[in-house]
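# Analysis of the macromolecular model
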Amino acid sequence: MIELYEKGYIMIQYHALSLGLSIAALLLCVSDLIFTLMDKRTGKPQNRVYIAIMLLLSLNAGCGMATLLTEGIRPEAELARSVLEISRYIYFLTHTLLAPAFFYYISFVVGRSYNWGINFRNRKSMLSFVTQVLPDISVLVMEVIILLNPFLHWTWYYDENLVFHRAWGEFLIYIQAALWIVASFILTMRSWNILSKNRKNSILFCYFLAVLGLVVQLFDARIYAEVLMEAIGFTGVLMYVENEDDRRDVELDVYNRAAFVLDISSALKNKLSMRVLIVRDIHFERTENPVLLGKVDSSALGFQVAEYLGTKIPKYYIYALGHGIFALVLYDQPEESVRTIAQEIAKRFEQPWTVDGEDIYLTASVLIVDVPERAHDADDLLYIAECPIPETAVKPVMEGEDLGWIIRHAAVEEAVTRGLSEGSFEVYYQPTYHTDCSLYGAEALLRMKDRKLGTIYPDEFIPVSEQLGLIDEIDEFVLEQVCGLLATGVPQKQGVGHINVNLSVLECMKEGFADHIIEIVEGYGIEKHHISFEITESVAATDYRHLEEVIEKLKSAGFMFYIDDFGTGYSNISALFSLGADVIKIDKSVLWGAQTDSIGMVLLEGTMRMVKEMHKKTLAEGVETEEQIALLKRLGCDYLQGYYFSKPVSRSEFLEVIGAKATE
Ligand code: C2E
Ligand code: CA
Ligand code: CA
């Protein structure tokens, strides 16, 4: 009698304990749900899985309570049996879904899934079928077994005394849950370094509690610890994973730059490919009301743009990267639809935005970047989002080749900017010859060896330097190098009459340019006729009068003058000849053209004759063969330059080339 009483007493204690645990679990789950809804964290698939998990847990806790209360009372009525059967039924149905839901939750958190777990288009091989579809099917099978339990009793049953019995199916549920949890754990570990510290810790803690609860309940089924443990774990997850304050741009209500870097990194780690639309250079263009200028609330404008972008793709794929720059990440979308979105966005910017009832026009460019083909990582993307785009290259929508060009251009800009201080520039020399092949002079040609980009040719870096306004310094560097070489006296001794330095016309036009040049050359104590300057025909066409003065000044100081690339532009030829150049350099295309057809030959002959009649000397560039030399001799050309004699070479090689020639 006493024994029985004691047994009953212990039973009652178990009941009270489990009931308390279940009530606590229910309260916790409901509060977590309320917090989630209050904060409107419901948009992303990840959020929805979280809500689903909390709902499942609440149901579990509720069913646990119902079971305990009914078991505690144990009336012999039919009602008790029904309550018990139903609450167990719902409990098992929902509990079985928890571990898979957790797995999907983790896969969203680490950026492995961007859509719902089942994505049939990506099921390519048998292996992916096994790893991706089978687990889902096994959950379905489990659910069906539970659904049929009232008839089969494979999972549990109540005997005629209303005593609960487990059947083999319940162990299957445990095994399956364990497998899902191990899989989520592996997933977490594989993405370890893309999770922030708090996120990692809260997920780990959640695992720990879930396993602890499971072990306790497996060990003694009378203690309903599992649900509460999981509820506590998910409260931590709510605080650190669902809470995205550190990822949010509060003002614009999209994600921030840090989130962008993390999300792109995790997507790439998971081998996802995507297209990123970068909407950049968003800036004020005009308004009908000039009084507004400077008073526009730029954050309200930014918010409007963000809101608009949110109508194109879900907001959780939109990131604010900086002032006037947004990135939209599109996973697994066909090229055409991405392009359509880009064009729609570009079109939207033709319409005004309204702030405080005023129309404001903004401009923007949209870049379509394929990842990882065009940009290999988040850094590349940020670079593309921020690198300067030359005004001439700007289009409303840019992609593919355009982008390649912009990226290269920006990289060259960077290289040029650091080039002078890093010593990337080196002056090469290409000798020039008389038609009898004796040495005449040389041309200084700049080369650039950048530590990142390798060798860059002047055709690429000279225009960039001009845009950056660095050409003065660069040409001055060349002049100093040439002066340094001439100051040794060696080239002159070997028969190099003078060295030509290319000038940017932009530079010649500057105030005090001629005096500055003269000062530099005199600083080296070099006779001025040892240096000549070349300006190109096409640029010479800008402001002849001023150019004429500059050239006159330099010529009277003793320098010689060359017109470069003659025959390529459509300049005012009479004005060009009045510039007082000593030598006209016939562009290599004119020489090469003469060999391809008869019109080319007529052009070359005509050009040579015209220059002669103007009493100027001619120098032919691009001489590569003996035939060309014979032809040029026949036409009465004065000087030759080209690969036939030598390519542009470094200073030391140049000294060799002229030394060898001179002693021949
Ligand atoms: P440019 O002044 O017309 O220079 C002649 C170009 O033709 C050089 O190219 C030279 O390497 C190339 N060349 C010479 N002979 C031959 C030949 O027989 N066959 C072929 N295929 N090519 C030949 P580079 O060095 O790449 O220079 C390109 C342009 O960059 C120059 O055209 C010049 O306009 C500009 N540049 C080069 N160095 C400087 C500089 O120091 N300052 C400025 N402002 N411009 C420069
Ligand atoms: Ca030249
Ligand atoms: Ca030339």
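Fair warning: this is a prediction, and the values are worked out from it, not measured in the lab. (Residues numbered from 1 in each chain as written. Chains lettered and ligands numbered in written order. Predicted model: local features only at pLDDT ≥ 70, side-chain atom pairs only at ≥ 80, totals over all residues. Heavy atoms only, no water.)

## Quick word on the overall build of the chain
Note the cut-off: Each helix corresponds to a stretch of at least 4 residues labelled H or I by DSSP, and each strand to a stretch of at least 2 residues labelled E; elements are numbered beginning at the N terminus. For this measure, only C-alpha atoms enter the radius of gyration; the expected value for a globule follows 2.2 Å times N^0.38, where N is the number of residues. Residue exposure (1.4 Å probe, protein chains only): buried if accessible area is under 20% of the type maximum, exposed if over 50%, otherwise partly exposed. Contacts between residues were defined by any pair of non-hydrogen atoms, one from each residue, lying within 4.5 Å. By the counting rule applied here, Lys and Arg register as positive and Asp and Glu as negative, while His and the ends of each chain are not counted. In this description, the location of a charge corresponds to atom NZ of lysine, CZ of arginine, CG of aspartate or CD of glutamate.
The helix and strand inventory of the chain stands at 25 helices and 19 strands. Scaling as 2.2 N^0.38, a compact globule of 664 residues should have a C-alpha radius of gyration of about 26 Å, whereas the chain reaches 40 Å, well beyond that. For the chain, the residues scored as buried account for 49% of the 664 residues in total. Taking the intrachain contacts of the chain between residues at least 6 apart in sequence as the baseline, contacts between residues at least 24 apart amount to 71%. When the 57 positive and 89 negative side-chain charges of the chain are each reduced to one mean point, those points stand 4 Å apart.

## Digging into the packing of helix α22 (residues 588-596) against helix α24 (residues 626-634)
Put simply, the test is: Here, axes are lines fitted to C-alpha atoms. For helices the fit covers the stretch in contact, and angles between N-to-C directions go from 0 to 180 degrees. Any angle from 65 to 115 degrees is called roughly perpendicular, while one under 35 is roughly parallel, one over 145 is roughly antiparallel, and all others are oblique. Gly is put with the polar residues, along with every residue not named as nonpolar or charged; the nonpolar set is Ala, Val, Leu, Ile, Met, Phe, Trp, Tyr, Cys and Pro, and the charged set is Asp, Glu, Lys and Arg.
Relative to each other, α22 and α24 sit at 100°, their axes nearing to 11 Å. Classified by the angle their axes make, α22 and α24 are roughly perpendicular. Along the contact surface, α22 presents L591, W592, A594 and Q595, while α24 presents E627, Q628, L631 and L632. For the contact of α22 with α24, the residue count by class is 5 nonpolar, 2 polar and 1 charged.

## Quick notes on the nonpolar core
The line we're drawing: Only buried Ala, Val, Leu, Ile, Met, Phe, Trp, Tyr and Cys residues count toward a nonpolar core, and they belong to the same one when joined by side-chain atoms within 4.5 Å.
In terms of nonpolar packing, the biggest core is built from 74 residues, with L479, I499, I531, F533, I535, L554 and L604 touching the most fellow members. Residue contributions to this core peak at 7 residues, all from helix α15 (residues 471-487). Once residues lying within four places of it in the same chain are set aside, the contact partners of I531 are L479, C483, L486, H498, I499, V501, V521, F559 and M560.

## Regarding the coordination of the calcium ion (ligand 2)
Under the convention used in this document: Because water is not among the atoms used, a metal site may look incomplete, as its donors are only the N, O and S atoms within 2.8 Å, or 3.2 Å for Na, K and Ca.
All of the protein donors around the calcium ion (ligand 2) are E443 (OE), N502 (OD1), E534 (OE) and D564 (OD); their distances to the metal are 2.1 to 2.3 Å. The sequence pattern formed by the donor residues of the calcium ion (ligand 2) is E-x58-N-x31-E-x29-D. Between the calcium ion (ligand 2) and the calcium ion (ligand 3) the interatomic distance amounts to 4.4 Å, and D564 serves as a bridging ligand to the pair. In this pair, E443 sits in strand β12 (residues 439-450) while N502 sits in strand β14 (residues 499-502), placing the two residues 59 residues apart along the sequence.

## Regarding the coordination of the calcium ion (ligand 3)
Surrounding the calcium ion (ligand 3) are the protein donor atoms D564 (OD), D565 (OD), E621 (OE) and E621 (OE), which sit 1.9 to 2.8 Å from the metal. Written as a sequence motif, the donor arrangement for the calcium ion (ligand 3) is D-D-x55-E.

## Some details on the domain arrangement of the chain
Interface size, as often reported, equals the accessible area lost upon joining of the parts. Test applied: Throughout the structure description, domain borders are defined by an automatic or database domain assignment. Throughout, the accessible surface (probe 1.4 Å) given up by two parts as they are put together, summed over both, is called the buried area. Residues adjacent in sequence count toward polar contacts only when both atoms are side-chain atoms; beyond that, a polar contact is any pair of N or O atoms within 3.5 Å, and within protein one must be able to donate a hydrogen and the other to accept it.
Segmentation of the chain into domains returns domain 1 (2-243), domain 2 (247-410) and domain 3 (423-663). Inter-centroid distance (C-alpha atoms) of domain 1 to domain 2 is 42 Å. Listed per partner, the contact involves 15 residues of domain 1 and 13 residues of domain 2. Summed over both sides, the interface of domain 1 with domain 2 buries roughly 1,300 Å², with 50% coming from carbon and sulfur. Taken together, the connections running from domain 1 to domain 2 amount to 3 residue pairs in polar contact (both at pLDDT 80 or more). Split into classes, the residues belonging to the side of domain 1 that touches domain 2 amount to 4 nonpolar, 6 polar and 5 charged.

## Points about the side chain of T155
Here T155 shows up in the loop between α5 (149-152) and β1 (156-158). The class of T155 is buried, set by a relative accessible area of 0%.

## Considerations on the pattern of salt bridges
Pairing between side chains of opposite charge can happen when their charged atoms approach one another. Cut-off, in case you're wondering: The working definition used for a salt bridge is a side-chain nitrogen of Lys or Arg within 4 Å of a carboxyl oxygen of Asp or Glu.
A complete count under the given rule lists 32 salt bridges for this structure. Of the charged contacts, one joins E170 and R166 as a salt bridge, the two residues approaching to 3.5 Å between their closest N and O atoms. Owing to a relative accessible area of 6%, E170 belongs among the buried residues under this scheme. Between R408 and E460 there is a salt bridge, with its nearest N and O atoms 2.7 Å apart. Of the two residues, R408 sits in helix α13 (residues 400-422) while E460 sits in helix α14 (residues 458-468), which places them 52 residues apart along the sequence. Judged by its relative accessible area of 30%, R408 is partly exposed. What makes E460 partly exposed here is its relative accessible area of 28%. Via salt bridges that share partners, E414, R418, E422, D450, R451 and K452 belong to a single interconnected network.

## A word on the packing of aromatic side chains
Our working rule: Only Phe, Tyr and Trp rings take part, Trp by its six-membered ring, and two of them pair if their centres are within 6.5 Å. Stacked means planes under 30 degrees apart, edge-to-face means over 60, and tilted covers everything else.
By the definition in use, this model includes 28 aromatic pairs. When the centroid spacing of 4.6 Å and the interplanar angle of 15° are considered together, the rings of F92 and W156 count as stacked. With F92 in helix α3 (residues 78-109) and W156 in strand β1, this pair connects stretches of sequence that are 64 residues apart. The exposure classification of F92 matches that of W156, with both residues buried.

## Brief notes about the packing of α13 against α14
The N-to-C vectors of α13 and α14 enclose an angle of 70°; their axes lie 9 Å apart at closest approach. It follows from the interaxial angle that α13 and α14 lie roughly perpendicular. Within the contact between the two elements, α13 uses R408, H409, V412, E413, V416 and T417 and α14 uses E460, F461, V464, S465, Q467 and L468. Here the residues of the contact of α13 with α14 are counted per class, giving 5 nonpolar, 4 polar and 3 charged.

## Here we look at the site of ligand 1
Selection rule: Consider each residue's heavy atoms; a residue with any of them within 4 Å of a molecule or strand counts as near. Here, Shrake-Rupley sampling with a 1.4 Å probe gives the accessible areas, and only protein chains in the shown set may cover a residue.
Around ligand 1 lies a shell of 25 residues, among which D475, D564, K588, E624 and Y643 are the nearest. With respect to ligand 1, the side chain of Q430 contributes an N or O atom lying 3.0 Å from a nitrogen atom. The contact in question runs from a nitrogen atom of ligand 1 to an N or O atom on the side chain of D475, over 2.7 Å. The fraction of the free accessible surface of ligand 1 (800 Å²) that becomes covered by protein chains is 89%. The set of elements that each furnish at least two residues to the shell around ligand 1 consists of β12, α14, α15, β16 (560-566) and α22. No other element matches β12, which puts 4 residues into the shell around ligand 1.

## Considerations on a nonpolar patch on the surface
What counts here: Patch membership is restricted to residues that have no salt bridge and whose relative accessible area is over 30%. Joining uses 9 Å for like charges and 5 Å for the nonpolar side chains Val, Leu, Ile, Met, Phe, Trp and Tyr.
Together, V144, L147, L148, F151, L152, W154, W168, L172, I175 and L179 give the surface a local cluster of nonpolar side chains, amounting to about 970 Å² of exposed area. Secondary-structure elements contributing two or more residues to the nonpolar patch are α4 (126-147), α5 and α6 (168-190). In terms of residues, the nonpolar patch owes the most to one element, α6, which gives 4 residues. Among the structural elements, W168 can be located in helix α6. Classification of W168 as partly exposed rests on a relative accessible area of 47%.

## Some remarks on the state of the cysteines
How we decide: Pairs of cysteine sulfur atoms within 2.5 Å are what we label disulfides.
With the rule as written, the count across this model stands at 0 disulfides. Free of any disulfide, C29 has its nearest cysteine sulfur in C206, 11 Å distant. Free of any disulfide, C483 has its nearest neighbouring cysteine sulfur in C508, separated by 16 Å.

## Some thoughts on a positive patch on the surface
A cluster of basic side chains, namely R112, R190, K269 and K271, defines a positive patch on the protein surface. Checked against the element boundaries, R112 lands in the loop between α3 and α4. Taking relative accessible area as the criterion, R112 reaches 35% and is therefore assigned partly exposed.

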